[in-house]
Amino acid sequence: MTGYVGNRIPRVDSAAKVTGAAIYGVDVALAGMLHGAVLRSPYPRARIVSIDTSAAAAAPGVQTVVTGRDFSLLFGGVIKDQSILAIDEVRYAGEPVVAVSATTEHEAQEALSLIRVEYEELPAVLDMRAALANDAPLVHPDLHTYNRRPGDYIVPHTNINTIYRHERGDVEAGFARSDYVFEGEYTAHALSHAALEVHVAIAQYDSVTGGYTVWVSSERPFILRDQLAPGLGVEPSRIRMIAAEVGGTFGGKGIPIAEAIAAGLARHSGGRPVRVEFTREEDLVASQTRVPAILKLKTGINRDGFMVARSAEVLWDSGAYTAYTVDVSIRGAQTIIGPYRIPNLSLLSRQVYTNKPVTGSFRGFGTTQVTWACETHMDEITTEMGLDPVAFRLQNGYEEGDPYINGQILHGINLTDTIKRAATEIGWGSVERKPAPHLRRGKGIAAMIKPSKTPSSANVVINLGQDGRAAVVCAAPEIGAGQRTVIAQIAADSIGIRIEDVSVPDADTAITPYNSPVASSRTTYHMGNAVLEAGTKVQAELVALAGRYLEVDPDELEVRDGGIFDLDGEHQITVKGLLSKYSKEGYWITASARYSSAGSPLLKADPGEEWISSIFWMLCTHAAEVEVDVETGVIRVVKIAAAADVGKAINPLTVEQQIEGGVVMGVSNALFESFSYRDGRVENGNFADYKLATIHDIPEIVPIIVESVHDEAPFGAKGVGEPANAATPPAIGNAIFDAVGIRIRDLPITPEKVLEALEEKAAADVSKLKPPL
């Protein structure tokens, strides 16, 4: 077969996964392996008065017991604010305090019960608004002393770990020129990543080299290595990360969590590997969650329906440590403007520490929170002005060549068709309002925009062996989104061999060249460009070699389907056959390539603002039809039409799967998922009480692939996975308003909130009917 790119190719790893042959992080087992367990804080904030581990250390099977005193160094993302185990003070309920390694999991857990920790409870900050108060307890009094990325984004001696402002035009003058001004406040809640595979890692320490080998289930092996190294007091090159298959991540496995505990235990376990696998409860309450946010919007509109000005204020809750949240609070906040032309802007984003569980990167990287606010607000505007929500978005939406909020000229975008095609598929403008006496139906729409991590780089080495098979050596772990398949498609086409003859080995930081994370929907674009270049080099060397062997001009040859052909289409020799002619020489073809988005002319922007630019932009529109039971408040999502601008779909099958999976996640996030807290402690740390959408809750989903032309993308391909869930919650919320006239501004949308809002609406309607006294 020729031309794998653009075709619906089954995943190359599907057989291994459905037969159970794929090796995930939880499947890795090593000879002599110990098992780790963690004693966690029961308090959201407390001073550690004393720790007695003597009984645990003497317990059967116990190899080692470690505390924060064994690891005094800090690690983290933008801000190095976290230790492997708590030192002197705990900052959230669930923080690791003591870790144990033992011969069996049972012995490790038994040892935990023998540890005695004396705490002195301290006043805790459990609300992000309260964290801003001048007299609020400081979660990190020494914030100003921490090692961190350069920049003036912290406010010393406060709980504010990030503050960011952006201005464009004159927002006050814009409001003054507006004929209508609308304001609203919205909240987005913390969410679990809820990956099927819990956090797990195995670490081994080599006392001779002073190095660590860590087997991980993560999309970011190099980033994990670089973040963990300061906490262990070693150079990153002393840590080798070997990535297994990843059983789901959605951004949740991008910082050292189980890895930090496993490495810390391994350091004191006599060279034996130590496995740390979280329980489901630990995974829910002591890993990381989506960053909750309070979002305020004010928008000015002229009488012709054009947006003139917008101000936005966002408050984010990082929890006890920052992890990736500094960038979430900046990058996410920038997209609260939405995919719309607004000439006058003012944006303030602040993030605070609280004594709640750590938050961090979550699919969409802040865009799920801000899209909820932006698109709910957009619908409120259209309601008040009597405008059609679809027409309003089309009138104000970005088009090719429009400037972004930093002056970057948007290239390779097609928002318009996503709006039109989603609206057409949902049957916009017609709905069966009352299918039953107690049921009401409505339709809603929402659009969004998301950048990709820019600049970033990808490196690859392709080895073509004498058997005609190519190994694509790169650090792009398969996280369930089809990365391995897309890479194999591009490699097969660029070399000219069958996809069955392409393998993509697991990432290993000691062997595979550097790659930025498999995140931000950047893999197809960045790694795709690198693979395309390296594959083209391999093909060029193949053609040159074939020309010598066949004694013909290489320009008269081409490679496809694993064979060498002349320009008349006559088969001359197979790739395997050609290479076998040089087997005595041990002939391999090796090519490497690096792609970086840095320096692209597409990133040009206003002076000092180029860092906001994205090498490509992802846009999507979701349209929803819902059914509201006015007696119970239960919401049934009937249908979601989800249109995504993906550039060129390398594999339409995997693109559709990403869109469908994003919608499922969005439905679950909007209607079912929520943490319950009491005094800073998570009360629903299990899947019986932390509700997720089931197959019975999933509507008809129609994925719509919208293509656009991007000049620097591999075959024109952009990304799709990250934005796939962001527009679903506001589309559902807007459809609920269309059905029953109630506006829910605080996620999740529960039956209780629906009933309460219906009662308030009924009371208000009655009040309007009463004649004046």
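As a reminder, the structure under discussion sits directly above these lines.
One structure accompanies this document, and this report is about it.

Cut-off values and rules
- Residues numbered from 1 in each chain as written.
- Predicted model: local features only at pLDDT ≥ 70, side-chain atom pairs only at ≥ 80, totals over all residues.
- Heavy atoms only, no water.
- Core = buried A, V, L, I, M, F, W, Y, C linked by side-chain atoms within 4.5 Å.
- Buried < 20%, exposed > 50% of the residue type's maximum accessible area, 1.4 Å probe, protein only.
- Helix = DSSP H or I, 4+ residues; strand = E, 2+ residues; numbered from the N terminus.
- Domains from an automatic or database assignment.
- Contact = heavy atoms within 4.5 Å.
- Axes fitted to C-alpha atoms, helices over the stretch in contact; angles between N-to-C directions.
- Parallel < 35°, antiparallel > 145°, perpendicular 65-115°, else oblique.
- Left-handed = near helix turned anticlockwise from the far one by under 90°.
- 1 Å grid on protein atoms, 1.4 Å probe; cavity = no way out; pocket = protein on both sides within 12 Å on 5 of 7 lines; lining within 4 Å.
- Points joined across faces, edges and corners; volume = space filled by probe spheres on them.
- Nonpolar A, V, L, I, M, F, W, Y, C, P; charged D, E, K, R; others polar.
- Pairing = 2+ DSSP bridges.

Ranked by size, the top nonpolar core spans 153 residues in total, and within it I79, I239, I336, I732 and I736 carry the most contacts. Among the elements that line this core, the one with the most residues is strand β29 (residues 635-647), at eight residues. Counting residues domain by domain, this core receives three or more from each of domain 2 (32-124 + 194-287) and domain 3 (388-445 + 616-773). Apart from residues lying up to four places away in sequence, I732 is in contact with A624, V626, V637, I640, V667, A670 and L671.

Orientation of helix α16 (residues 652-671) relative to helix α17 (residues 728-740), taken along the N-to-C sense of each, is 55 degrees, at an axis distance of 8 Å. Our classification of the angle between α16 and α17 gives oblique. Judged by the sense of rotation from one axis to the other, the crossing of α16 with α17 is right-handed. Across from G662, V663, G666, V667, A670 and L671 in α16, the residues of α17 making contact are T728, P729 and I732.

Moving on: the layout of surface pockets. Empty space among the atoms becomes apparent when a probe as large as a water molecule is rolled across them. Computed from the structure, the second largest pocket encloses a volume of approximately 370 Å³. Among the elements of the structure, α4 (128-131), β10 (180-188) and β16 (293-301) are those that each provide at least two residues to the lining of the second largest pocket. Taken together, the residues of the lining of the second largest pocket break down into 10 nonpolar, six polar and four charged.

Before going further, it helps to examine empty space enclosed by the protein. Under the definition given, this model contains eight cavities of 30 Å³ or more. In terms of lining residues, the largest cavity is bounded by 18 residues, among which Q82, Y92, P96, P256 and I257 are the most central. Looking at side-chain class alone, the lining of the largest cavity contains 13 nonpolar, three polar and two charged residues. Quantified by volume, the second largest cavity comes out at close to 80 Å³. Every residue lining the second largest cavity is counted, 13 residues in all, and those nearest its centre are H193, A194, A195, H199 and D283.

Here we take up the pairing of strand β27 (residues 589-596). Of the two faces of β27, only the one carrying I589, A591, A593 and Y595 is buried; T590, S592, R594 and S596 on the other face are not. As defined by bridge partners, strand β21 (residues 457-464) adjoins β27 across eight bridges and the pair is classed as antiparallel. Looking at β27, one finds that I462 is bridged to A591.

Moving on, we get to the pairing of strand β2 (residues 46-52). Sheet topology note: the β2/strand β6 (residues 89-90) ladder contains two bridges and is antiparallel. What sits directly across from A46, in β6, is V90. Sheet topology note: the β2/strand β8 (residues 116-121) ladder contains six bridges and is antiparallel. Bridged to D52 within β8 is R116.

These values are about where atoms sit, not about what they do.
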